[in-house]
Each structure stands twice: as structure tokens, then as C-alpha cells.
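Observations on the three-dimensional arrangement
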There are 2 protein chains.
Amino acid sequence: MFRLGIDMGGTAIKTGVMDEEMQVISRHSVPTQSSFEQVVSDMAQAAREAAGKIGLRLEDFPCVGVGTPSCINPYTGKLVFSNNTNWRNVPLREELEKHIPVPVYIGNDADCAVIGETVAGGAKGKRDVLMITLGTGVGCGIILGGKLFSGADGMGAELGHTPLIYGGAECTCGSRGCLEAYASLLGLIRITREAMDRHPESAMHRYLALEEGEITGKTSFECAKAGDAAANEVVDEYLEYVANGIGGAINVFRPEVVLVGGGISNAGEFLFSRLEKKLGKYVFAGDIIGCPPVRRAILGNDAGLVGAACLDLMQEVCK
Amino acid sequence: MFRLGIDMGGTAIKTGVMDEEMQVISRHSVPTQSSFEQVVSDMAQAAREAAGKIGLRLEDFPCVGVGTPSCINPYTGKLVFSNNTNWRNVPLREELEKHIPVPVYIGNDADCAVIGETVAGGAKGKRDVLMITLGTGVGCGIILGGKLFSGADGMGAELGHTPLIYGGAECTCGSRGCLEAYASLLGLIRITREAMDRHPESAMHRYLALEEGEITGKTSFECAKAGDAAANEVVDEYLEYVANGIGGAINVFRPEVVLVGGGISNAGEFLFSRLEKKLGKYVFAGDIIGCPPVRRAILGNDAGLVGAACLDLMQEVCK
């Protein structure tokens, strides 16, 4: 049985068909427009294109799943709000089903990512999984007992908006001191900038001149790998924040495995070996009850697409 | 059908029989000894006494439940560790079943409290409940879809040991800046002491002289109620911490209701009306998706006893 997923991002709508091994065997992509009606119609058309490239029609799939960086209510089928597009309470599932002749599932992108990684990625075969995505924001997806958990009303699992430093840095959500304000790419860039201001001798300044002049998630990690002391301090501080956030989540969920994805996780072993060393002190009674492994997510940008196509396997849509 | 619960605390083992309306109709209590074998035997004997007072034997109950302020693994039946008694990995269920002729369930005290409140207290009839106990520590119990959730391995739901202030005050768990270090009675007392040091004019000094000279959870709340400015600042700061912690938990769990119990909750309406006002700014997109009500737990000290007697209704013991 083939599956079809739609990954609606801020700049592009990506669609893909997966075979039974969850390999993406056909893709299509169109730019994301701003009108809701247009986006709905484009999603259906892009799905049809991906299917058509291998001689299939939408009717040939058991269902179609959509992931989007928005607050989704899986019970009503509504996209409740999206900061990218400023939509509020739009009937996403209902409108899509006017264009797509099979059942439609809709989910948050971080929820889709953890489903993708659990079905076919770094947590394959696991029943209790916590996934953190270190990207522009901090995404979180949770699998409990083999099912997606996204809060009792489907609009939670927002670990990025739990406190890390009470009263601390401003968060995109309007509150202060959220984990996201420190563990996101925006947080890392802020910490990097502050360290560069304090350390004019740091190799990070030369690195910027060689790159395009903008601080990115790589600035500190690349310079730390090359031995720069100030960059090393940035990485150390950043990973301490991440470890404290993940440790707290472990104390609540006690998953079998923690997956870390998102652009920052591309720093690879350099990041994971340090993170693992820091984690122990934040895990409650970890010396007695153990600490789950923290692994790199492996599907990369495809996690959301694969997970969207598998939403029906793990998402409850009836209360 | 009557039910029998055992609440093993640091100073006393309390047992009780409940009728079908979950009213405690018979009680017995004995002091908590230090040896594991003695405690096991005392628990069984105290259960027998409570039953005997109304003419029943242990065989007349479908099961017996035990709550204890310890880390419990419901799958193995072991008490994994207890800071009070310093026990490690003791086979609590197995040993109790040598003395008790019906199935025995064991659970953490905060887990029992939320079960009690959900079966017969402030969250009666709800399926998704978050309960926070503001006592010596910060306890947390979570009901998801009508079942107890205490982490994938049964040893989580430790919201008290999630971060509130990265690198902040020392916590009893060995880490720093945990919610428990600020929202517990110990945290409140520390904040109160610091404010008293800064404010020699505060009525809190006179309040202490009238009481037994020791700062308690009442010192700040009683003086704030009476209009003392420094005490008011203490209460305000304390409740801001509590609100940030609860807000973060709402962002993850999105429960139908949040219950607050424990000794500090006895401050009543004065506490709850302020807490509710503070909560809004910590709930992610609360203006769009709403904020669950925060209510006072109503069973008081009996919550753990009632919940222990009902563990079989809500605790999964097989994976």
C-alpha cells in the first residue's frame, strides 16, 4: 500500500508518495500562496501531481495526511491558528476533502515529524518517543504507547513554551524565558552575538567574514570545532540549556528514546556527545532509574512528509 | 463494593475502607517504622484493622491499593527508591501479597492523589486532569483519557523536577532551579525569609513572634491578607513561579482542569483568584484556544487514601 503526504511549509507545499518501506518514490512542490482557498486547492493539486508521476490517482490511496506549522485541532479538523499565515479557525480538513476524494488527516508539523521518525526513522519500533526539533523554533512531538500525544485537546505538546528561565529572554509567543527562547536557532544566534560582542578576538568574527556576514546556527559550532574558546563557551552554554529542557521532559515522560532533529542537530556527533554528558545532572534519579538514550533524528526534512502520510496510524481524531 | 486503601507516609501508615460513594467509613493508623519487613507487615495489619472495625476481612475486597511518597515501578511492583526510608528496589507488591490475600496495587502518593480527586473529588467525571500538590515538595499527578499517566516506565510525571530558573536555587533532587525549588513549601519559606531580611518593618516579624517563631507557609499569606506590603510581594513572587510552572504544564498537557492541592492551597480563594489572573500570560495562545480552569483540590489529606483504594481503576500494570 502506497501512502501520500503533504508538508505545507511557509515557503513551499511539498507532496510525496511513499512505498511500503516508507521511501519517498515521487515528489512534487509548489510555492505557498497566502490565500487559504488557494493553498487548499494547491495542496490537492500538488498531491495529484506527485501521485500522477507514478501513474496513480488520489483515489488509489487509503487517505492523505497534511502536516503544517500551525495549531491544529484534530477533533474538529480545524487549523486553529497559524502565525505564518495569520489564519484563525479555518476548516482545513473539510475544505481539503472537497478536493481530495479520500479521508484527510491534518497535524502539526512537529507531531508529523515524530510520527515519521517512529514509523520509519530513528525511533522505529519504539512505543514511547519524545522528539525535539531545534530549528527556528523548538518543536516537540510525543508518542505514548504507540499513539501520538498532543495534549488532551490536541493543541498541546508545546514543550518549547515551558519555562527554562523565569522572566528571561522574550519568546516569540509573547511570554518570557521559554525553552524556545534559548534552545531555538534564534536563541543560539542571540547567545552567539552576545559572545562575539564580548570577544572581539574570537575566530567567530573571521568566520562571519568568510561566510555571508550573518550569524547562523553554524557560526558557534564550526568555530568551536576549530578550537575557538569563545565559540566553545557559546556551544557549552547553548547545550546546557538544551540538556536542562530535555532532562525536564524526560522527568515527565520517561520515554524509551529522545530524538533530536532540526537544523542545529546537523552539528552531529560534536553536539550529541556533549549533550549526553550534560544530560545526567538534569534527569531525576537517573543514577537509579536510568536515562533514555538521546539520538539524532535520521529522516531530516522528510520526517514531516513521511509522518503526514502516516497520521492515520497514530493520531486519534475522535474523543 | 467497598474499597480499601493504604497511605504510607513518613510518620504514619493510614488505612481506610471506603463505601460506594467513596466516603471513608473506617480508618486505622499506626506509626511508620524503619525496617521494610516491619512496614510491610504493619501495612497489612493496619488494613486488616480498618476492615475489622466494620466486620470485614481482607478477602472481602476486590484488591488493596497502597500509595507512598516513593518512586514506584508499577510494572515490576517494586518500590524503586524512597528518600524517606532510603530503600532501593524493594519488592513491595510481592511482599505485601504474602500478607494480603487479594491483588495489591502500588502507586506514588501524587499519582494516588490525582486518582482520588478524579474518582471522587474536584475533578470528578473528568478524563484529562493535571494535579499539582504544593507541599513540602511539589507533587504532580496526571490523568490522560481516564487513565493514570506516570511516564512510559511509570516513574515520571515529576513536574516538580522540570526547570523554572536554569541554574537557580538548589533543589532536593541535587539539580538546580527546578520548579520544586520555588513552588514548594521549602521554596516559599526561603522567599519569605529573604523578604523578612530585606524588610525589618514587615508585619511578618510580628506574626512570627505570635506563632511559634518558625517561618511557615502561612507567614507570608496571612500577613499579605492583613495588608503587609512585604508579605504581599512574597505571595506575588511565589504565585508568579507557580503560575509559570502550571502554565508550562498546560502548554504540554492541555488538561480539562488543573487541580491544586497540598498545604499551601489552604490559603484558599486569596491564592486561587491571584493565581488565575497570573496564569493567562503563561498559556500559549490561551486567548485563542482557551485556558483550563484551575481549582482547589477538595479531598485534602484523604486524596491519597481514596486514590490508593482506586489504583486498579486507573493504573496500567502491564506494558
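Rules of the game
- Residues numbered from 1 in each chain as written.
- Chains lettered and ligands numbered in written order.
- Predicted model: local features only at pLDDT ≥ 70, side-chain atom pairs only at ≥ 80, totals over all residues.
- Heavy atoms only, no water.
- UniProt positions renumbered as here; feature names shortened; annotations may be inferred.
- Helix = DSSP H or I, 4+ residues; strand = E, 2+ residues; numbered from the N terminus.
- Rg over C-alpha atoms; globule rule 2.2 N^0.38 Å.
- Contact = heavy atoms within 4.5 Å.
- Areas by Shrake-Rupley, 256 points an atom, 1.4 Å probe, with all protein chains shown as cover.
- Lys, Arg positive; Asp, Glu negative; His and termini not counted.
- Charge placed at Lys NZ, Arg CZ, Asp CG, Glu CD.
- Pairing = 2+ DSSP bridges.
- Axes fitted to C-alpha atoms, helices over the stretch in contact; angles between N-to-C directions.
- Domains from an automatic or database assignment.
- Buried area = accessible area lost by both parts, 1.4 Å probe.
- Salt bridge = Lys/Arg side-chain N within 4 Å of Asp/Glu carboxyl O.
- Buried < 20%, exposed > 50% of the residue type's maximum accessible area, 1.4 Å probe, protein only.
- Least-squares fit on C-alpha atoms with pLDDT ≥ 70 in both.
- Left-handed = near helix turned anticlockwise from the far one by under 90°.
- Nonpolar A, V, L, I, M, F, W, Y, C, P; charged D, E, K, R; others polar.
- Disulfide = S-S within 2.5 Å.
- Core = buried A, V, L, I, M, F, W, Y, C linked by side-chain atoms within 4.5 Å.

Under the annotation held in an unreviewed UniProt entry, chain A carries the name ROK family protein and is attributed to Candidatus Pullichristensenella excrementigallinarum. Quoted verbatim from the Sequence similarities (unreviewed entry) field of the UniProt record, the comment on chain A reads "Belongs to the ROK (NagC/XylR) family."

**Things to note about the overall build of chain A**
Of regular secondary structure, chain A possesses 12 helices and 13 strands. Taken over C-alpha atoms, the radius of gyration comes to 20 Å for chain A, in line with the 20 Å a tight globule of 319 residues would show. In terms of principal-axis extent, the alpha carbons of chain A reach across some 60 × 50 × 35 Å. Excluding contacts between residues fewer than 6 apart, the proportion of contacts in chain A whose partners are at least 24 apart in sequence is 61%. Taken as a whole, chain A presents about 12600 Å² of accessible surface, with 48% of it coming from carbon and sulfur. Distance between charge centres in chain A, computed from 29 positive and 39 negative side chains, equals 2 Å.

**Concerning the sheet that holds strand β1 (residues 3–8) of chain B**
Residue and element names in this part refer to chain B. Strands sit in the order β3-β2-β1-β4-β8 across an open sheet of 5 strands; the sheet is mixed. The sheet terminates laterally at β3 (24–31) and β8 (104–108), the two strands that pair on one side only. In this sheet, neighbouring strand axes are inclined to one another by 20 degrees on average, regardless of whether the strands run parallel or antiparallel. Strand direction decides the pairing type here: strand β4 (residues 64–68) and β8, joined by 5 bridges, are parallel. Residue pairing for β8: Gly67 is matched across the bridge by Gly107.

**Looking at the domain arrangement of chain A**
Residues and elements named next belong to chain A. You can read the domains of chain A as domain 1 (3–119 + 302–318) and domain 2 (125–297). Computed over C-alpha atoms only, the centres of domain 1 and domain 2 are separated by 27 Å. Interface of domain 1 and domain 2: buried area, both sides summed, is about 1400 Å²; carbon and sulfur atoms make up 63% of it. There are 0 salt bridges connecting domain 1 and domain 2. Ranked by the residues each element gives to the side of domain 1 that touches domain 2, the list is headed by helix α3 (residues 109–120), at 7 residues.

**What about the pattern of salt bridges?**
This model, assessed by the stated rule, comprises 21 salt bridges over all chains. A salt bridge links Lys278 of chain B to Asp236 of chain B, with the shortest nitrogen-to-oxygen separation between them at 2.8 Å. Pair noted here: Lys278 of chain B is in helix α9 (residues 269–279) and Asp236 of chain B is in helix α8 (residues 229–253), with a separation of 42 residues, a long-range link. Residue Asp236 of chain B is classed as partly exposed on the basis of its relative accessible area of 32%. Overlapping salt bridges bring together Asp236, Glu240, Lys278 and Lys281 of chain A as one network.

**Section: the relation of the copies chain A and chain B**
Superposing chain A onto chain B requires a rotation of 180 degrees together with a translation of 0.0 Å along the rotation axis, leaving an RMSD of 0.0 Å. In short, the pair behaves as if placed about a two-fold rotation axis. Within chain A, the C-alpha atom positioned nearest to the axis of rotation is that of Ile165 of chain A, 2.1 Å from it. In this assembly, 100% of the residues forming the interface of chain A have copies in chain B that are likewise at the interface, indicating an isologous arrangement.

**Focus on the sheet that holds strand β6 (residues 78–81) of chain A**
Residues and elements named next belong to chain A. Strands sit in the order β5-β6-β7 across an open sheet of 3 strands; the sheet is antiparallel. Edge positions in the sheet fall to β5 (71–73) and β7 (88–90), since each of these pairs with one other strand and no more. In this sheet, adjacent strand axes meet at a mean angle of 25 degrees when their direction is disregarded. Summarising the sheet, β6 and β7 pair through 2 bridges and their orientation is antiparallel. For Phe81, the partnering residue across the bridge sits in β7 and is Arg88.

**As for the packing of helix α5 (residues 185–198) of chain A against helix α8 (residues 229–253) of chain A**
Residues and elements named next belong to chain A. Running from N to C, α5 and α8 cross one another at 150 degrees; their axes reach a closest spacing of 10 Å. α5 and α8 meet at a crossing whose hand is right-handed. Taking contact as the criterion, the partners of Leu188, Ile191, Thr192 and Ala195 in α5 are, on α8, Val234, Glu237, Tyr238 and Tyr241. Residue composition of the contact of α5 with α8, grouped by class: 6 nonpolar, 1 polar and 1 charged.

**Topic: the state of the cysteines**
A full pass over the atoms with the stated rule returns 0 disulfides over all chains. In this model Cys310 of chain A remains outside any disulfide bridge; the closest cysteine sulfur is found in Cys63 of chain A, 8.5 Å from its own. On the basis of relative accessibility, which here comes to 0%, the residue Cys310 of chain A falls in the buried class. Cysteine Cys71 of chain B is unpaired, with the sulfur of Cys173 of chain B as its nearest cysteine sulfur at 13 Å.

**Comments concerning the nonpolar core**
By size, the foremost hydrophobic cluster in this structure holds 112 residues, and its most contacted members are Phe253 of chain A together with Phe253 of chain B. Those residues in contact with Phe253 of chain B, other than ones at most four positions away along the chain, are Phe149, Gly151, Ala152, Val252 and Phe253 of chain A together with Leu130, Ile142, Leu144 and Phe149 of chain B.

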